[in-house]
Structures are given as C-alpha cells and as structure tokens.
Amino acid sequence: MADDKSRSGVEFYADKKILDYLATLHAPHDQGLAAAFDAPGVPRIMVGPSEGKLLTLLVRLANAKIVVEVGTLAGYSAIRMAAGLRPGGRVYSIEYEQKHADLARAAIERAGMSDRIEVIVGAALEVLPKLDALGPVDVVFIDADKGNYDRYGEWAERALRPGGLLLGDNAFYFGRLLEDSAEAKAMRRFHERATLAFDTVCVPTPDGLLVGIKR
Ligand code: SAH
Ligand code: DHB
Ligand code: MG
C-alpha cells in the first residue's frame, strides 16, 4: 500500500449511522415529491435524496438551461434537476415505459414542474438523435439500461457544449463493473471514452456517479 498512489491511505469512514445523520441534515426527504419517490408499482431504483440534492446543485453550478436525462422512471431525478435550472430552462427526460412516463408526468405536475420538464416516451437510442435539434446542451444525466451507456455517452459527447456536464449513475454497475458481461464492458467503455473527451471523476455514491466536464 505504501507505493499505491491510486488512493489515499484513509479508510472509508462513512458508516450507515453517519450517512443517515448527514442525509437528514443536508438533504432531507421532500414530502412534496412522494408521488415520484414512492410511486406505486415501480421499482425503487431512483437516486436517493442525497444524490438528488447533488443533482440539483450540479445543474445549478452548470448554470444550465437545457438538461437531457436518459431514464425517467417516476420523475424523481428529473424534478431534482429541474430545481437547479436557470429561469426558462428545461429538462428533457426520455422514458421507454409508457406506464413510467404516465406516473412521472403526474408526479411532475404535483411538484409544480410541468413547465420545466418534458417527458419523451421512446427508446433512448431512437429519441436522442431527435434532440440534436435542441442545439448544444448543458447537462446530460444517464440512468437507463446499463448495456447502452457507452452509446449514450457518445451522444452526450457530441451534444454537450464545451464546459457542459456529463453525469452517469450506477457507475460501479452494482458492484459488477469489472466482470466479463456485455453490460459491464459497455459500462467500462463509457468510463474510458469519457476520460478522452471530458475532465472526469467518479464520485463514490452508493453505486457511483461519473462526473465529467466536456473539454
Ligand atoms: N432517473 C430515475 C431512475 C431511472 S430508472 C430517477 O433517479 O428518478 C431507469 C429507467 O430507464 C426505467 O424507468 C426504465 O424503464 C428506463 N429505460 C430502460 N431502458 C430504456 C431505454 N432504452 N430508453 C429509455 N428508457 C429506458
Ligand atoms: C437499477 C437501476 C438503477 O438505475 C439504479 O440506480 C439502481 C438499480 C436496477 O435496474 O436494478
Ligand atoms: Mg440509477
């Protein structure tokens, strides 16, 4: 370990009690977002309140007017990102499942965000090329099918303005990033390509968040 310069020697100190204390303090759950966070009949795979708060802050830091999200589910992360938009800005969120899109639109309405979020139903690989018409985008958040992350990343690389922000959830691929599966390989290609076109870091959220600024 003495010669290992890939990490500092400091342990990972944040145990569950510390994380709970800090999440409650800095990023408490917002009851107004219950329709998005506790949507009936959808898997509980949305980002957590702390990652949601981080998304709000990052979108705000990017002074973003146009955000593209791949994977809406029930709208939780879209709402959290919309809260950081510059006035007049918009989140375009792509969702394959009509049922998820319907729940998301209802939750977005309840959150008072309907004028800031547009849910687009379809397969992301088909929808993304149509979003080229938006012009350069400020933030892309990727959070859908993991086997296509490399292709979503390629689109983001083209669509983002210089200085624009690339965000990728599940960057640890559920702890399986280094395995041999097609999905794990796609996720590694996503990481590797990102380092070529972006200044990047992987933030150790529960399942990892890739953060990159386009050069
Ligand atoms: N970003 C959401 C969670 C997204 S979960 C949040 O944090 O609140 C992943 C979503 O991606 C699911 O709703 C799933 O239906 C959708 N999805 C999966 N494959 C897709 C594809 N090819 N195109 C668009 N959406 C897809
Ligand atoms: C799953 C997907 C996600 O995007 C996530 O953040 C957690 C879990 C899933 O498909 O199980
Ligand atoms: Mg995710």
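Refer to the structure printed above.
Model, not experiment: these values are computed from the prediction. What you see as residue numbers is a count from 1 along each chain, following the sequence as written. By the order in which they are written, chains take letters starting at A while ligands take numbers starting at 1. Two thresholds apply to this predicted model, a pLDDT of at least 70 for residue-level local features and 80 or more for giving and counting side-chain atom pairs, whereas whole-chain, interface and lining totals are computed over all residues. Hydrogens are left out, water is left out, and the side-chain values use all remaining heavy atoms of the structure.

Caption draft 1: Main features of the site of ligand 1. Here, proximity means that at least one heavy atom of the residue falls within 4 Å of the molecule or strand. Near ligand 1 there are 21 residues, and of these Gly71, Ser77, Glu95, His100 and Asp143 occur at the shortest range. We call two N or O atoms a polar contact when they sit within 3.5 Å, provided that within protein one can donate a hydrogen and the other can accept it, with sequence-adjacent residues counted only if both atoms are side-chain atoms. Ser77 places a side-chain nitrogen or oxygen 2.8 Å from a nitrogen atom of ligand 1. Here a nitrogen atom of ligand 1 and a side-chain polar atom of Asp145 are 3.3 Å apart. Look at ligand 1: alone it shows 580 Å² of surface, and the protein chains cover 89% of it. Every element with two or more residues in the shell around ligand 1 is listed here: α4 (76–82) and β2 (90–95). For the shell around ligand 1, the residue count by class is eleven nonpolar, five polar and five charged. All accessible areas in this document rest on Shrake-Rupley with a 1.4 Å probe, and a residue is counted as covered only by the protein chains that are shown. Secondary structure elements are taken from DSSP: a helix is a run of H or I of four residues or more, a strand is a run of E of two residues or more, and numbering for both begins at the N terminus. Side-chain classes are defined by residue name, with Ala, Val, Leu, Ile, Met, Phe, Trp, Tyr, Cys and Pro counting as nonpolar, Asp, Glu, Lys and Arg as charged, and the others, Gly among them, as polar.

Caption draft 2: Spatial organisation of the side chain of Asn170. Summarising the element assignment, Asn170 is placed in the loop between β5 (160–169) and α8 (182–197). A simple rule labels every residue: compare its accessible area, found with a 1.4 Å probe on the protein chains alone, to the largest value its type can have, and call it buried under 20%, exposed over 50%, or partly exposed in between. Taking the relative accessible area as the measure of exposure, Asn170 reaches 9% and is therefore buried. Here a residue-residue contact requires only that any non-hydrogen atoms of the pair lie within 4.5 Å. When neighbours within four sequence positions are excluded, Asn170 is seen to be in contact with Asp143, Lys146, Tyr149, Met187, Asp207 and Gly208.

Caption draft 3: Local environment of the pairing of β5. Most of β5 sits out of view: seven of its ten residues are buried. A crossover counts as right-handed when, viewed with the strands pointing away from the observer, the path leading from the first strand over the helix to the second turns clockwise. Of the crossover connections in this fold, the one passing from strand β4 (residues 137–142) over helix α7 (residues 149–159) to the parallel β5 is right-handed. By the convention used here, strands pair only if DSSP detects at least 2 bridges between them. As paired strands, β5 and strand β7 (residues 209–214) are joined by five bridges and run antiparallel to one another. Within β7, the residue paired with Leu165 across the bridge is Ile213.

Caption draft 4: Examining the coordination of the magnesium ion (ligand 3) more closely. We call an atom a donor if it is N, O or S and sits within 2.8 Å of the metal, or 3.2 Å for Na, K and Ca. Water is not counted, so some sites may look partial. Within the protein, the magnesium ion (ligand 3) binds to Asp143 (OD), Asp169 (OD) and Asn170 (OD1); these donor distances fall in the range 2.0 to 2.1 Å. Mapping the donors of the magnesium ion (ligand 3) onto the primary sequence yields the spacing D-x25-D-N. Per residue, the accessibility class of Asp169 equals that of Asn170, and both read buried.

Caption draft 5: A look at the side chain of His100. As for its position among the elements, His100 is in helix α5 (residues 98–110). Polar contacts involving the side chain of His100 include one to the side chain of Glu95, which spans 3.4 Å. Not counting chain neighbours up to four residues away, the residues in contact with His100 comprise Val42, Pro43, Leu73, Ala74 and Glu95.

This is a description of form; function is not addressed.
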